[in-house]
Amino acid sequence: MNREDDLPDTATGRHEGTTSRYDAATERTFAAQPPARGRSFARTWWGRAWLAALEDGALDNAQVRAGRRLARAGAVGAVSVRPGRVTAVVRDRDGTGQRADVLLTELPEGQWDRLLDLAVERSGDVAALLDGEMPPRLVEDAATAGIDLLPGLGELEASCGCGAWDHCGHTAALCYQVARLLDEDPFVLLLLRGRSPRAVLDDLQARGTAAAPPEPAAARPRRNGVDAAQAYAAARPPLPAPPELPGQPGLPPSLDAETPPAAGVDPTAVEFLAARTADEAHRMLAEALGGTHACGELTADQDAVRLAAGLADTPRAFRTAVGRRLATGSGRSREGLTSAVLAWRYGGAEALSVLEEEWAVEGEAWARARRALESAWEEDERPVLRARGNRWTVGGTSCQLRLGRDGRWWPYRKERGRWSPAGDAARDPATALATALSFGDGDVSGGEDTRAG
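In this report, we go over the structure that sits alongside the text. (Residues numbered from 1 in each chain as written. Predicted model: local features only at pLDDT ≥ 70, side-chain atom pairs only at ≥ 80, totals over all residues. Heavy atoms only, no water.)

Details of the overall build of the protein
Next, step 1: The helix and strand inventory of the protein stands at 15 helices and 10 strands.
Next, step 2: Burial analysis of the protein (453 residues in total) assigns 42% to the buried set.
Next, step 3: Contacts in the protein between residues at least 24 apart in sequence constitute 67% of all its contacts with a sequence separation of at least 6. (Helix = DSSP H or I, 4+ residues; strand = E, 2+ residues; numbered from the N terminus. Buried < 20%, exposed > 50% of the residue type's maximum accessible area, 1.4 Å probe, protein only. Contact = heavy atoms within 4.5 Å.)

So, in structure tokens, the structure goes:
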């Protein structure tokens, strides 16, 4: 359905027939995104719900597929989002640009009031929104109250300069681009429904304050003693601010002294261990200051790989001797240790476990993996995959995808009959495969080498 007679007033971002108390600063503009070849557009459940409203409601699936191809090719320009409407210029393959608009009905004031009341009832919902998540309970409770926050079937209306009366390739491409924006910021959906992020946050703060007015002092019962939190705060001085992370690990003292070392002590080895200890301390401090957590204490085998990864800058003779000892001590061949070091440099202990452990993908993990593989490519572009455990070998290539226990996909390639890590992990299997393919196809012997590494 075309609504060219309902173009928004650019000064207010208001639709004809709607009213809003938040006319100022309600338009957000997002820069054009690079091409998205080999990746899915919607990673979040609310992003997929947005695309379902397009794909299930469009009358011409060929136009939807054409829009997906345009969006993948980076044909969507800067996206303008305002209450009830999202706009962008979409360029055809010949470079011709068309203005595309997708319209979504704004929520009336009464529904907004009820929705914000629901959000205030759970502080976790507000925190989730601020963290870039759309709380499922908030959407479910709103739907129970008759408030449709996510678009439903046929609710995404299209208007395009090409003259199409339903969704065309241009408006479909815009919808796919908006799904990428929604993945990163659910406030985009709230703005489309009529409220800017600032207005939503201000209203939530006002409601949260009003919901719990301070109790008058005269009405509070008198109690003996002092509040425990106040007493603790008064008894202890405030903690100092966390230290800043040094730009690089500290340098251990040099052991190059006139005094000869004791029998059995190799100064080069001691300096190497001290340097690796400083590296590990710097990493642990970075994790602590960044609010992340290490994967746990390393095993002796994992620590041997960590030490071997630090041998690159040591003298060749020392590197060879120590590398041989680390390989023997960890139960690996020299080639196995080389692959393990490569995995460690890509992702530490997690990448090492993906290299060396094969596990059965079952239940919910299998369902998620299957959905990711089905949505990563177009039907006519999907490669032939042979599955074995958490490993998918790509037919006709020397490439393999391995699924980590955290849901990420790791690229692998076969070299001299051995599978080796080929790059960093990715959330999308198509991205991981593109990384593996970038190394070129050498060994296409097929079949799976089940040796570790």
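Some points on the sheet that holds strand E4 (residues 97-103)
Next, step 1: The sheet built from five strands is open, its strands ordered E1-E2-E3-E4-E5 with antiparallel pairing. Whereas interior strands pair on both sides, the edge strands pair on one side only; in this sheet they are strand E1 (28-30) and strand E5 (157-160). Strand-to-strand twist in this sheet, taken as the mean axis angle between neighbours without regard to direction, amounts to 20°.
Next, step 2: Bridging between E4 and E5 involves four bridges; their strand directions are antiparallel. Counted as the bridge partner of Val 102 is Ala 158 from E5.
Next, step 3: Along the sheet, helix H6 (residues 169-184) contacts E1, strand E2 (79-82), strand E3 (85-91), E4 and E5; its crossing angle with E4, the most-contacted strand, is approximately 60°. (Pairing = 2+ DSSP bridges. Axes fitted to C-alpha atoms, helices over the stretch in contact; angles between N-to-C directions.)

Brief notes about the nonpolar core
Next, step 1: Trp 50 and Leu 174 are the most contacted members of the largest nonpolar core, which totals 56 residues.
Next, step 2: Element by element, the count of residues in this core is highest for H6, at nine residues.
Next, step 3: Ala 327, Ala 349, Ala 351 and Trp 410 belong to the second-largest nonpolar core, a separate cluster that totals 24 residues. (Core = buried A, V, L, I, M, F, W, Y, C linked by side-chain atoms within 4.5 Å.)

Here we look at the pairing of E3
Next, step 1: The element E3 is largely enclosed, with a buried count of five among its seven residues.
Next, step 2: With three bridges connecting them, E2 and E3 associate as antiparallel partners. Bridge pairing in E3 places Ser 80 opposite Thr 87.
Next, step 3: Where E2 folds back on E3, the antiparallel hairpin that results is connected by two residues, among which Gly 84 adopts a positive phi of roughly 85°.
Next, step 4: Two strands pair when backbone bridges link them, and E3 and E4 are joined in this way by seven bridges, in the antiparallel orientation. In the strand pairing of E4, Thr 87 is matched with Asp 101.
Next, step 5: In this antiparallel pair of consecutive strands, E3 and E4, the connection spans five residues, and Gly 95 shows a positive phi of 90°.

Here we look at the environment of Trp 359
Next, step 1: As for its position among the elements, Trp 359 is in the loop between helix H13 (334-356) and helix H14 (363-376).
Next, step 2: In this structure, the C-alpha to C-alpha distance between Trp 359 and Arg 391, residues 32 residues apart in sequence, is 8.7 Å.
Next, step 3: The contact partners of Trp 359, leaving out residues within four places of it in the chain, are Gly 389, Asn 390, Leu 403, Gly 404 and Arg 405.

So, the state of the cysteines
Next, step 1: On inspection of all chains with the given rule, the structure shows zero disulfides.
Next, step 2: Not part of a disulfide, Cys 160 finds its nearest cysteine sulfur in Cys 162, a span of 3.5 Å.
Next, step 3: A relative accessible area of 4% means that Cys 160 is categorised as buried. (Disulfide = S-S within 2.5 Å.)

With respect to the packing of helix H3 (residues 109-121) against helix H5 (residues 136-144)
Next, step 1: The interhelical angle for the contact between H3 and H5, taken along N-to-C directions, is 140°, at an axis separation of 10 Å. Regarding the angle of H3 to H5, the classification is oblique. Crossing handedness for the pair H3 and H5: right-handed. Between H3 and H5, the contacting residues are Leu 115, Leu 118 and Ala 119 on the first element and Leu 138, Asp 141 and Ala 142 on the second.
Next, step 2: Here the contact of H3 with H5 is composed, by residue class, of five nonpolar, no polar and one charged. (Parallel < 35°, antiparallel > 145°, perpendicular 65-115°, else oblique. Left-handed = near helix turned anticlockwise from the far one by under 90°. Nonpolar A, V, L, I, M, F, W, Y, C, P; charged D, E, K, R; others polar.)

Observations concerning helix H11 (residues 300-309)
Next, step 1: Counting buried positions over the 10 residues of H11 gives seven, a clear majority of the element.
Next, step 2: All of the buried residues along H11 are Gln 302, Ala 304, Val 305, Arg 306, Leu 307, Ala 308 and Ala 309.

Some details on H14
Next, step 1: The first and last C-alpha atoms of H14 sit 20 Å apart over 14 residues, in line with the 20 Å expected at 1.5 Å per residue.
Next, step 2: All of the buried residues in H14 are Ala 367, Ala 369, Ala 372, Leu 373 and Ala 376.
Next, step 3: The inward-facing, buried residues of H14 abut helix H2 (61-72), strand E6 (385-388), strand E7 (391-394), strand E8 (399-403), strand E9 (409-415) and helix H15 (429-437). (Expected span 1.5 Å × (residues − 1).)

Concerning the packing of H11 against H13
Next, step 1: Between H11 and H13, whose axes approach to 9 Å, the crossing angle comes to 110°. By the angle class used here, H11 and H13 are roughly perpendicular. When you trace H11 past H13, the crossing you get is left-handed. Contacts between H11 and H13 involve Gln 302, Val 305, Arg 306, Ala 308 and Ala 309 on the former and, on the latter, Leu 337, Ala 340, Val 341, Trp 344, Arg 345, Ala 349 and Leu 352.

Re the pattern of salt bridges
A pair can form between side chains of opposite charge whenever their charged atoms are brought close.
Next, step 1: Within the structure shown, the criterion is met by 21 salt bridges.
Next, step 2: The partner of Glu 364 in a salt bridge is Arg 371, and the shortest N-O contact between them spans 3.5 Å.
Next, step 3: Classification of Glu 364 by relative accessible area gives partly exposed; the value is 47%.
Next, step 4: Owing to a relative accessible area of 45%, Arg 371 belongs among the partly exposed residues under this scheme.
Next, step 5: Note that Arg 413 is salt-bridged to Glu 415, the shortest N-O span being 2.4 Å.
Next, step 6: Residue classification places Arg 413 among the buried positions, given a relative accessible area of 13%.
Next, step 7: Connected via shared salt-bridge partners are Glu 55, Arg 68, Arg 72 and Glu 378. (Salt bridge = Lys/Arg side-chain N within 4 Å of Asp/Glu carboxyl O.)

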